[in-house]
Amino acid sequence: MYTVPKLEDYSPEALDRAVAELFSALDAESRDLHSESDWKAFHDRWLARKNGVLTQINDTWLKAAPGPAKREVGRRVNELKARTEAAIEAAQDKIHASASSTKLAADRLDITLPGIQRPIGVKHPVLRVMDEIVAVFKAMGYSVGEGPEVETDYYNFESLNFPPNHPARDTQDTLFIADQESKPARDRLLLRTHTSPVQIRTMEQQPPPVRIVIPGKVHRNDPLDATHSPVFHQVEGLAVDTNITFCDLKGTLDHAMKALFGSSVKTRFYPSFFPFTEPSADMQVSCIFCGGKGCRKCKFSGWIELLGCGMVDPNVFDFVKQNGYDSSKISGFAFGMGVERIAILKYEVEEIQLFYEGDVRFLEQFA
Ligand code: PHE
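Residues numbered from 1 in each chain as written. Predicted model: local features only at pLDDT ≥ 70, side-chain atom pairs only at ≥ 80, totals over all residues. Heavy atoms only, no water.

Points about the packing of aromatic side chains
- One pass over the structure, following the stated rule, counts 14 aromatic pairs.
- Between F246 and F269 the ring centres are 6.0 Å apart and the planes differ by 75°, which places this aromatic pair in the edge-to-face class. You can see F246 sitting in helix α8 (residues 246-261) and its partner F269 sitting in strand β6 (residues 267-274), a full 23 residues away along the chain.
- With a relative accessible area of 25%, F246 lands in the partly exposed category.
- For the ring pair F274 and F276, a centre distance of 5.8 Å and an interplane angle of 35° mean the geometry is tilted.
- With a relative accessible area of 23%, F274 lands in the partly exposed category.
- The exposure class assigned to F276 is buried, which follows from its relative accessible area of 8%.
- By way of ring pairs, the aromatic residues F137, Y142, F333 and F335 are connected into one cluster.
- Above the ring of F23, the side-chain terminus of R83 is found at 3.8 Å from the ring centroid. (Phe/Tyr/Trp six-rings, centres within 6.5 Å; stacked < 30°, edge-to-face > 60°. Helix = DSSP H or I, 4+ residues; strand = E, 2+ residues; numbered from the N terminus. Buried < 20%, exposed > 50% of the residue type's maximum accessible area, 1.4 Å probe, protein only. Lys NZ or Arg CZ within 6 Å of the ring centre and 35° of its normal.)

Considerations on the site of the ligand
- Near the ligand lie 14 residues; those nearest to it are H194, S196, R220, Q234 and G336.
- Here a nitrogen atom of the ligand and a side-chain polar atom of H194 are 3.0 Å apart.
- Interatomic distance of 2.9 Å between a side-chain N/O atom of R220 and an oxygen atom of the ligand.
- Tallying contributions element by element places strand β9 (residues 331-338) first for the shell around the ligand, with three residues.
- Here the shell around the ligand is built from residues that sort into five nonpolar, seven polar and two charged. (Near = heavy atom within 4 Å. Polar contact = N/O pair within 3.5 Å; in protein donor to acceptor, adjacent residues only side chain to side chain. Nonpolar A, V, L, I, M, F, W, Y, C, P; charged D, E, K, R; others polar.)

Spatial relationships are all this shows, so hold off on functional conclusions.
The following block contains the structure:
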């Protein structure tokens with residue numbers, strides 16, 4: 001490392017040599033700087049007021065110079081100070097430039113690197129089954145419709161032939177929107193308890209013939225248990241045309257069940273009641289677990305009840321009579337099935353809650 005020599009000879013040549021030596025040392029040191037802290041040490045070594053190289057030069061060269069040489073030495077020392085300071089400043093610029101260029105290199109986009117893979121989810125089992133049911137009917141020429149989840153009493157009950165005091169209209173069974181008392185009963189809002197109101201909404205929108213399925217969410221004021229949830233899903237079906245008979249209903253649903261559960265499944269229709277169908281039936285499928293022999297799942301009956309259906313009640317057509325639905329000329333059938341119920345059977349799910357908890361370990365099994 002450079003140390004300031006004492007000058008014996010003050011001739012211009014000797015001074016030139018001393019200055020040249022100092023600059024070659026300064027140059028060498030400035031080339032060996034790699035970081036801000038290297039530079040700081042370099043700066044202090046040369047410029048520190050106390051004992052920095054320039055201070056030493058002042059002391060050992062200028063102050064010690066004999067009278068006649070002082071002018072010449074002073075001129076060179078001034079020049080040398082300016083050059084040294086400039087060199088030190090330039091060295092700092094160089095360090096800053098290389099630091100920011102390595103930072104830029106780190107930020108640079110390498111388009112040849114593999115991308116970040118974000119796992120895309122899978123369709124929820126309830127939606128999957130809902131889509132599957134809809135697809136079965138689409139293949140038979142049905143169109144797909146939807147309706148509002150917040151419904152009026154008129155569409156959910158009145159136009160479906162529910163009598164004014166039917167128990168389903170009770171707050172025990174139906175979730176009503178609050179503060180509706182000032183409205184006429186038929187305009188009061190509620191969370192639809194089934195997808196059947198979309199039957200009327202569809203017939204208001206289009207004259208017969210109709211072939212439509214309506215998937216959707218429904219609500220009931222039911223406590224949660226292993227097989228019931230206050231929110232669940234249904235797929236509604238409606239077919240209206242001239243000469244639609246109960247045979248069409250049976251054939252259509254029998255085909256749909258075979259498409260959903262496999263061709264060996266059997267169906268049977270058991271008398272039931274709904275205000276908006278007459279006659280009404282509960283459709284049962286032969287137990288998909290035991291094939292109809294009887295097991296714990298079908299309570300040893302060999303049959304599992306799956307959906308409600310029936311021939312559209314003429315009283316329902318009367319609500320859309322002006323739209324081409326004359327019950328003396330046309331007839332129709334309707335059905336409504338619970339999606340979760342079918343999903344539970346298809347995938348042997350133990351508890352309905354599993355569908356709503358969002359537990360990835362459950363959902364991953366449908367990937
Ligand atoms: N809406 C009925 C229910 O939710 C099912 C149904 C639909 C019955 C259409 C007959 C016809 O239970």
